[in-house]
Amino acid sequence: VKRKVTEIADNLKQDLQEIQSGKSEAVDNKLKQDYKKRKLVEEVNEKHYRLSKGTNFSTSVSKAPTELTPEMISSGSWKTTSLKPYNLDSLGVDTGSGCLHPLLKVRAEYRQIFLEMGFSEMPANNFVESSFWNFDALFQPQQH
């Protein structure tokens with residue numbers, strides 16, 4: 001057994017260590033894509049936010065009044081009080097939907113009974129029947 005190479009370098013380990021230390025720019029994009037396919041590297045976007053106190057910052061929570069009261073008008077405190085703004089985009093209270101007419105309920109019950117007995121519904125899109133089905137099939141005389 002003879003040695004063909006004097007030194008073996010683990011490029012994968014070096015690249016992963018550079019990526020972990022935050023020097024991902026040093027690694028070639030083609031290698032990074034290859035590492036992503038092999039699921040050795042996962043790309044994550046981090047967002048950082050900086051918060052600071054605003055002009056209306058306070059440590060206590062105060063609830064703004066929603067409507068004027070007679071006491072506010074008589075004392076004159078309505079001039080300095082900040083009222084809660086109206087939200088004109090809100091949907092409001094959901095109105096209850098209506099209900100079926102009692103005769104429609106009875107009709108639905110009879111329909112269900114007949115369907116359970118084995119009857120089937122006919123297509124009801126023909127509201128005007130031909131004269132054959134109304135007269136001739138029932139053997140009514142022509143002068144009737």
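The structure we're discussing is the one just above.
So, how was this worked out
- Along every chain, residues carry numbers that run from 1 in the direction the sequence is written.
- Predicted model: local features are reported for residues with pLDDT of at least 70 only, side-chain atom pairs are reported and counted for 80 or more only, and whole-chain, interface and lining totals are derived from all residues.
- With hydrogens and water excluded, all non-hydrogen atoms of the structure serve as input to the side-chain values.
- Secondary structure elements follow DSSP: runs of H or I of four or more residues count as helices, runs of E of two or more count as strands, with numbering from the N terminus.
- We compute the radius of gyration from the C-alpha atoms alone; for a globule the expected value is 2.2 Å times N to the 0.38, where N is the number of residues.
- Charged residues are defined narrowly, with Lys and Arg counted positive, Asp and Glu counted negative, and His plus the chain ends left uncounted.
- The atom standing in for a charge is NZ when the residue is Lys, CZ when it is Arg, CG when it is Asp and CD when it is Glu.
- In the sections that follow, a salt bridge refers to a side-chain nitrogen of Lys or Arg positioned within 4 Å of a carboxyl oxygen of Asp or Glu.
- The rule is simple: take the accessible area with a 1.4 Å probe, protein chains only, and divide by the maximum for that residue type; under 20% is buried, over 50% is exposed, in between is partly exposed.
- Residue contacts are defined here by distance: any two heavy atoms, one from each residue, within 4.5 Å place the two residues in contact.
- Note that patches include only residues with greater than 30% relative accessible area and no salt bridge, and the join distances are 9 Å for like charges and 5 Å for nonpolar side chains (Val, Leu, Ile, Met, Phe, Trp, Tyr).
- With residues, only the protein chains shown are counted as cover, and all accessible areas are computed by Shrake-Rupley using a 1.4 Å probe.

Undergrad: Any chance you could explain the overall build of the protein here in plain terms?
TA: Within the protein one finds five helices and zero strands. The helix and strand sequence of the protein, counted from the amino end, reads α-α-α-α-α. Taken against the 2.2 N^0.38 rule, which gives 15 Å for 144 residues, the C-alpha radius of gyration of the protein at 41 Å runs more than 25% over that of a compact globule. Across its three principal axes, the protein shows a C-alpha extent of roughly 115 × 90 × 30 Å. The positive charge centre, built from 20 side chains, and the negative charge centre, built from 19, are 13 Å apart in the protein.

Undergrad: Looking at this structure, how should I read the pattern of salt bridges?
TA: When their charged atoms lie close together, side chains carrying opposite charge are able to pair. Tallied over the entire structure, the rule returns three salt bridges. The closest approach of N and O atoms between Lys-36 and Glu-43, which form a salt bridge, is 2.4 Å. Residues Glu-121 and Arg-111 are paired through a salt bridge, measuring 2.8 Å at the closest nitrogen-oxygen approach. Placement of the pair is Glu-121 in the loop between α4 (102–117) and α5 (131–134) and Arg-111 in helix α4, with a sequence separation of 10 residues. Arg-111 gets classed as partly exposed once you look at its relative accessible area, which sits at 41%.

Undergrad: Honestly, unusual backbone geometry in this entry has me stumped. Any pointers?
TA: Residues apart from glycine generally show negative phi values, whereas peptide bonds are mostly found in trans. Positive phi is not limited to glycine here, since Lys-39 has a value of about 60 degrees. Locating Lys-39 in the fold gives a position in the loop between α2 (29–37) and α3 (70–75). Assessed through its relative accessible area of 75%, Lys-39 is described here as exposed.

Undergrad: Is there a simple way to think about the side chain of Lys-32 in this case?
TA: By the secondary structure assignment, Lys-32 is in helix α2. Of the side chains with opposite charge, Glu-25 comes closest to the buried, unpaired Lys-32, at an N-O distance of 6.4 Å. Lys-32 has contacts with Ile-19, Ser-24 and Val-27, leaving out every residue within four places of it along the chain.

Undergrad: Would you mind showing me how to read a nonpolar patch on the surface here?
TA: Taken together, the side chains of Val-106, Tyr-110, Ile-113, Phe-114, Met-117 and Phe-119 define a hydrophobic patch exposed on the protein surface, amounting to about 630 Å² of accessible area. Mapping Ile-113 onto the fold places it in helix α4. Classification of Ile-113 as partly exposed rests on a relative accessible area of 42%.

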